[in-house]
Amino acid sequence: MFSVGIIGTGAISDAHINAYLELAEEFPDLRIVALADLDLPGPTAKREAFGLENARVYDDVAAMLEAEDLDLVSVTTPPSAHAPLAIQVLEAGVNAVVEKPMATSLEECDAMLAAQRASGKILSTIAQNRFRDEMARLKAVLDSGKIGPLSHARIASEWWRGHSYYDLWWRGTWASEGGGPTLNHAIHHIDIALWLLGRPLAVSAMMTNAQHDNAEVEDLSTAILQYERSLAELTSSVVHHGQKQEISLQGARARVSQPWEPAAEVARPNGFPEQGGDVETVAELEEFAASLPPLPRTGHPAQLADVVAAVREGREPLVTGQDGRNAVELVTAVYESAIERRVVDLPISPEDPYYRSGTLVERAPHFHEKTGSVATQDGYMPVGLPDAAQA
């Protein structure tokens, strides 16, 4: 039997439970055998809601790890708990997959990676939007070279959240959430940007809190990412009406984007664009995109299927702990640049104060003070790219 445990039974755990239940239809030996949270009513209610009558519930992670013979654990807690719990799981000799963001500091990410190497087990970080047809299409087109060398990318992680969103106890503080939408919403787009474009050379950013006076953290940031011969713009927001997310890649020959829309210009003798554009290049891109087979699964089920297969096959998963660290590094650069009002070069070294846990808590502006909170919230809305479930 392939035994799965879940630590943290808040809203995002639903995506993991549903994914494992879907996978169990294809792999009957896969079972969710344990659910853990600080308060037993949480895992008990989750067990009942999903009909997991054979799963045991725990309010002590150590007790769960000692009692259960687990193959894989999903860590689906608030971000500040990711590192200590993932390290605890790995040190118990169990493979781990951690929700986004991997952790709230590079120091914690590196401690997680060290625990993974020492254990010989697998550590994966959730980046489920890589496992979507439109993202696979962008990646395939970019890798094909059909749009030519990249000139510019625009990455818009534009969400809207009402004032009460930050009433939830762990949201809206540097200590518990680790940041605002730059870390907790745009992490999806940041991972996709790194997957498509690689690590930038430098970052320049600004941030503010425009609309949420019940949160310490930013609700809007903008950043410029510098590459060798190209630039990328990154917007991270929970103040944008319409909630439009977009990735636009401008190459020498053409532009492609998500949502999918290829475009290409061709020059007149004087260098100005010809009316109607380069229809042959657009047709070529459309034909190439249409030739790509759909993914067998998408989202959390696709990524967790890969993690399960990686555990069984003894290989690295498609999304590794290092990938999760890379995303946190770029977020860290955005915050450091915005707070210190300077360009930040990558990579960020361990000597940089922002590498360490606690620096954001010490140095980040408190745009507003969080004066009250609620333990739970109804009306949960998923976060990720448009139809993806996420915290």
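Scroll up for the structure.
Note that this is a predicted model, so its numbers are computed, not measured.

Q: An account of the overall build of the protein is needed here, citing residue identities and associated values.
A: When its secondary structure is counted, the protein shows 12 helices and 13 strands. In summary, the protein has a C-alpha radius of gyration of 21 Å against a globular reference of 21 Å for 391 residues, a match within 12%. Projected onto its principal axes, the C-alpha positions of the protein cover 75 × 50 × 40 Å. Relative to its 391 residues, the protein shows a buried fraction of 53%. Sequence separation of 24 or more characterises 71% of the internal contacts of the protein that already satisfy a separation of 6 or more. Carbon and sulfur atoms form 51% of the exposed surface of the protein, whose accessible area is close to 16,900 Å².

Q: Please give an account of the sheet that holds strand β1 (residues 2–7) that cites residues and values.
A: One open sheet accounts for six strands, arranged β3-β2-β1-β4-β5-β6; its pairing is parallel. Each edge of the sheet is formed by a strand with only one pairing partner; in this case those strands are β3 (56–58) and β6 (123–125). This sheet shows a mean twist of 20 degrees between the axes of neighbouring strands, independent of strand direction. With respect to the sheet, helix α1 (residues 13–26) is in contact with β1, β2 (30–36), β4 (72–75) and β5 (95–98), its orientation differing from that of β2 by roughly 160 degrees.

Q: Give a description of the pattern of salt bridges that names residues and reports values.
A: Within the structure shown, the criterion is met by 21 salt bridges. Where Glu246 meets Arg154, a salt bridge forms, and the shortest distance between an N and an O atom there is 2.7 Å. Of this pair, Glu246 sits in strand β11 (residues 245–251) while Arg154 sits in strand β7 (residues 150–158); the two residues are 92 residues apart in sequence, bridging distant segments of the chain. Residue Arg154 is classed as partly exposed on the basis of its relative accessible area, which comes to 32%. A salt bridge links Arg253 to Glu284; the shortest N-O distance between them is 3.6 Å. Of this pair, Arg253 sits in the loop between β11 and β12 (255–258) while Glu284 sits in helix α9 (residues 279–291), and the two are 31 residues apart along the sequence. On the basis of relative accessible area, Glu284 is assigned to the partly exposed category, the value being 30%.

Q: How would you summarise the nonpolar core if you had to cite specific residues and measurements?
A: The biggest cluster of nonpolar side chains holds 81 residues, and the ones touching the most others in it are Met64, Val73, Met112 and Leu249. Broken down by element, the residue count for this core peaks at nine residues, all from helix α11 (residues 321–340). When sequence neighbours within four positions are dropped, the list of residues in contact with Met112 reads His82, Ala83, Ala86, Ile87, Leu90, Val98, Met102, Ala103 and Leu123. Membership of the second largest hydrophobic core comes to 22 residues, among which are Ile6, Leu23, Ile126 and Val307.

Q: Pulling in residues and values, what's your account of the sheet that holds strand β10 (residues 231–237)?
A: What the seven strands build is an open sheet, ordered β12-β11-β7-β10-β9-β8-β13; its pairing is mixed. Pairing within the sheet leaves two strands with one partner each, and these edge strands are β12 and β13 (344–345). Across seven bridges, strand β8 (residues 202–208) lies against strand β9 (residues 220–226) in antiparallel orientation. Residue pairing across strands places Ser204 opposite Ile224, the latter belonging to β9. With respect to the sheet, helix α8 (residues 187–197) is in contact with β7, β10 and β11, its orientation differing from that of β11 by roughly 20 degrees.

Rules used throughout
- Residues numbered from 1 in each chain as written.
- Predicted model: local features only at pLDDT ≥ 70, side-chain atom pairs only at ≥ 80, totals over all residues.
- Heavy atoms only, no water.
- Helix = DSSP H or I, 4+ residues; strand = E, 2+ residues; numbered from the N terminus.
- Rg over C-alpha atoms; globule rule 2.2 N^0.38 Å.
- Buried < 20%, exposed > 50% of the residue type's maximum accessible area, 1.4 Å probe, protein only.
- Contact = heavy atoms within 4.5 Å.
- Areas by Shrake-Rupley, 256 points an atom, 1.4 Å probe, with all protein chains shown as cover.
- Pairing = 2+ DSSP bridges.
- Axes fitted to C-alpha atoms, helices over the stretch in contact; angles between N-to-C directions.
- Salt bridge = Lys/Arg side-chain N within 4 Å of Asp/Glu carboxyl O.
- Core = buried A, V, L, I, M, F, W, Y, C linked by side-chain atoms within 4.5 Å.

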